[in-house]
Amino acid sequence: MNRLHKDLNTLVDRVEAWEHGRVSADPYRQAFHLMQPCGWMNDPNGLCWYRGLYHVCYQYSPFNVAGGLGFWGHWSSPDLLHWQQQPVLLCPDQPWDLHGVYSGSALAEDDALYLFYTGNVRRLGDHDYINSGRGSNTAVGVSRDGVHLDSKKLLLENCDYPADVSNHVRDPKVWKQDGKYYMVLGARTRDGRGEALVYAAGDPYHWEHIRTISTPEPFGYMWECPDLFRVDGQDILAVSPQGIAPHGEIGQNAYSCGYFPLRGDFRGDYALGDYCEFDSGFDYYAQQSFEAPDGRRIALGWMAMPDSGCGSPTAASGWEHCLSVPRELHWKDGRLTALPVRELEQLRVNERAVVFSGSVRQTLARAADIEVEIDGDRFALVWEGAAAVRWENGVLTLAIEEPAAFGRTARKAAIPRLHTLRVLVDHSSIELFANGGERVMSTRFYPQGEHALRLEGEGRAKLYDMRAMETKTIQTGAR
Ligand code: FRU
């Protein structure tokens, strides 16, 4: 790869080594969630299985905890439990990506791993950076070994996109179907509508715009991170829309992250069903999915929300944000369900069974997995002085209290009957999976000291402590 790519890797290596002590001493570092070594991270990128390993890349700004020049950080793993940090896979080292290698996806072929991404460029001058001043370049990086980059190529520039789209076009998600390559790109039109551009190609390099997917009525001004996939025979168009009007439980956060069931064929006649959110909590955005070698559809999201106003104390220790756990998706009774991948159960230790009636107090490790079966018509799980999950009158409420909340308040999901609740708690996050993953709620929180937990209601629970995943970082200088 080019000289600048190598030099930038060396620079990232130095900054990671320099920040390592301070970041790793932070009490909010997670045990079983993927995080960056230092600085800022956002969207999951390039998820795939290639040559015997899972690859999880992510938007990584190692030099700044408030975001900034973007790279693709990279973890690989044979089993989703043992992770090896790899050198940054994509660096901003070309004229078409010099202000950040933005989000994108991986396509694993026999001969190579193709990494489709957006090269971000901000021109100097007096621009609104919506209709002028921003270069959104679709590009591909090629790696033969899945670790080092062999080449990069610019595929599409602003002038190649349909004439009615603004400068905001990004986040290519590529897949192969019926012997052809397809790509969806998120876009904002000049008159402020979100849509997904669909491209087709006979090889990874020559792309043609074949159609645009949008809703009959405008649905937000921008669709970020589109994804089009099939699960259990149902086609799904996933998007992270910005600017939708809050309605019912949809749109409780600054931006949204969800999906339209797609009926018919996206290349011919199709119709989009009703939009649903993947997660009704505070912190879940930019989900991306991929197919595991055993056919499972697995998704990860960024456990944060842009422009949410919710802070995080970890910035003071030199890092911010993490990814969600990998979730297995299914189509069931007309909606998507999501549950943590079964591999995570291997991290469970120290099982305790609790039958509760009334109020029962437990101390809980800072990383834990809880399975609850609920009888009766109300239930609560209370982290004293930090957070509470309550189900009553057919509504599940996730409430975070200061000082653990950092601006988070409460989120609600209508669940007429709550039978089961799976709760993954890590040092600074909670993920709730209700009724076998029919509804999901995720949040970061920053509790102090040990977790004291109260179970209220009638039912049975299994509590497990969670071991940390094994994460090996690169030895300084070994890139
Ligand atoms: C979503 C997003 C993407 C973009 C990336 C830049 O969080 O805004 O649309 O590619 O982040 O880091």
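Residues numbered from 1 in each chain as written. Predicted model: local features only at pLDDT ≥ 70, side-chain atom pairs only at ≥ 80, totals over all residues. Heavy atoms only, no water.

A. Spatial organisation of the sheet that holds strand 8 (residues 151-156). What the four strands build is an open sheet, ordered 5-6-7-8; its pairing is antiparallel. Two strands bound the open sheet, and with one partner strand each, they are strand 5 (101-108) and strand 8. Neighbour-to-neighbour, the strand axes of the sheet open up by a mean angle of 25°, direction not taken into account. The pairing of strand 5 with strand 6 (residues 113-122) spans seven bridges and is antiparallel. From the neighbouring strand, S105 faces strand 6, where its bridge partner is F116. (Pairing = 2+ DSSP bridges. Helix = DSSP H or I, 4+ residues; strand = E, 2+ residues; numbered from the N terminus. Axes fitted to C-alpha atoms, helices over the stretch in contact; angles between N-to-C directions.)

B. Layout of the site of the ligand. Neighbouring the ligand are the residues N42, D43, Q59, Y102, S103, R170, D171, E224 and Y285. At 3.1 Å, a backbone N or O of S103 approaches an oxygen atom of the ligand. The side chain of E224 places a nitrogen or oxygen atom 2.7 Å from an oxygen atom of the ligand. At the level of elements, strand 1 (39-50), strand 5 and strand 9 (165-177) are the ones that each hand at least two residues to the shell around the ligand. Broken down by class, the residue content of the shell around the ligand amounts to two nonpolar, three polar and four charged. (Near = heavy atom within 4 Å. Polar contact = N/O pair within 3.5 Å; in protein donor to acceptor, adjacent residues only side chain to side chain. Nonpolar A, V, L, I, M, F, W, Y, C, P; charged D, E, K, R; others polar.)

C. Just the nonpolar core, in detail. F32, Y259 and L344 are the most contacted members of the largest nonpolar core, which totals 64 residues. What L344 contacts, discounting residues up to four positions off in sequence, is L81, V325, L424 and M466. Counting 36 residues, the second-largest nonpolar core is a separate cluster that includes F282, V360, W391 and V423. (Core = buried A, V, L, I, M, F, W, Y, C linked by side-chain atoms within 4.5 Å. Buried < 20%, exposed > 50% of the residue type's maximum accessible area, 1.4 Å probe, protein only. Contact = heavy atoms within 4.5 Å.)

D. Summary view of the sheet that holds strand 9. What the four strands build is an open sheet, ordered 9-10-11-12; its pairing is antiparallel. Of all strands in the sheet, those bounded by a partner on one side alone are strand 9 and strand 12 (208-213). Averaged over all pairs of adjacent strands, the angle between their axes in this sheet comes to 25°, without regard to strand direction. Relative to strand 11 (residues 194-201), strand 10 (residues 180-189) runs antiparallel, the two being bridged by eight bridges. Residue G186 lies in a different strand from strand 11, and its bridge partner there is A196.

E. Spatial organisation of the pattern of salt bridges. For the structure on display, the rule yields 30 salt bridges. Close ionic contact of R267 with D178 constitutes a salt bridge, the shortest N to O distance being 3.0 Å. Here R267 is found in the loop between strand 15 (258-264) and strand 16 (270-272), whereas its partner D178 is found in the loop between strand 9 and strand 10, with 89 residues between them in sequence. Given a relative accessible area of 62%, D178 falls into the exposed group. For R390, the salt bridge identified is with E456, shortest N-O distance 3.8 Å. In this pair, R390 is assigned in strand 25 (residues 387-392) and E456 in strand 31 (residues 451-466), connecting sequence segments 66 residues apart. (Salt bridge = Lys/Arg side-chain N within 4 Å of Asp/Glu carboxyl O.)

F. Just the environment of C310, in detail. Along the chain, C310 turns up in the loop between strand 19 (297-302) and strand 20 (319-320). Using a relative accessible area of 21% as the deciding quantity, one classes C310 as partly exposed. When the C-alpha atoms of C310 and G407 are compared, they prove to be 4.8 Å apart, with 97 residues separating the residues in sequence. With near-sequence residues (within four places) excluded, C310 lies in contact with F406, G407 and R408.

G. Structural view of the side chain of R366. Summarising the element assignment, R366 is placed in the loop between strand 23 (348-364) and strand 24 (368-383). For R366, the side chain forms a polar contact with the main-chain oxygen of P27, separated by 3.4 Å. R366 has contacts with P27, Y28, V425, D426, H427, P447, Q448, G449 and H451, leaving out every residue within four places of it along the chain.

H. Geometry of unusual backbone geometry. Residue P403 is reached from E402 by a cis peptide bond, and omega for that bond is 10°. Along the chain, P403 falls in the loop between strand 26 (395-400) and strand 27 (410-414). Despite not being glycine, C225 shows a phi value in the positive range, around 45°. Note that C225 resides in strand 13 (residues 222-231). The class of C225 is buried, set by a relative accessible area of 10%. Here the phi dihedral of A286 falls at roughly 55°; this positive angle occurs in a residue that is not glycine.

I. Inspection of the pairing of strand 6 at higher detail. A large share of strand 6 lies buried, amounting to nine of its ten residues. Counting the residues in the hairpin turn of strand 5 and strand 6 gives four residues. Bridging between strand 6 and strand 7 (residues 134-143) involves ten bridges; their strand directions are antiparallel. In the sheet register, G119 faces strand 7, and the bridge partner there is N137.

J. View of the packing of aromatic side chains. Taken as a whole and assessed by the stated rule, the structure comprises 21 aromatic pairs. Where Y28 meets Y446, the ring centres are 5.2 Å apart and the plane angle is 85°; that geometry is what we call edge-to-face. One end of the pair, Y28, is in the loop between helix 1 (3-24) and strand 1; the other, Y446, is in the loop between strand 30 (439-444) and strand 31, with 418 residues separating them in the sequence. Judged by centre distance (5.2 Å) and plane angle (90°), the ring pair of Y182 and F266 falls under edge-to-face. Placement of the pair is Y182 in strand 10 and F266 in the loop between strand 15 and strand 16, with a sequence separation of 84 residues. Judged by its relative accessible area of 5%, Y182 is buried. By way of ring pairs, the aromatic residues W40, Y255, Y285 and W302 are connected into one cluster. The ring of W319 is capped by R29, whose NZ or CZ atom sits 4.6 Å from the centre of that ring. (Phe/Tyr/Trp six-rings, centres within 6.5 Å; stacked < 30°, edge-to-face > 60°. Lys NZ or Arg CZ within 6 Å of the ring centre and 35° of its normal.)

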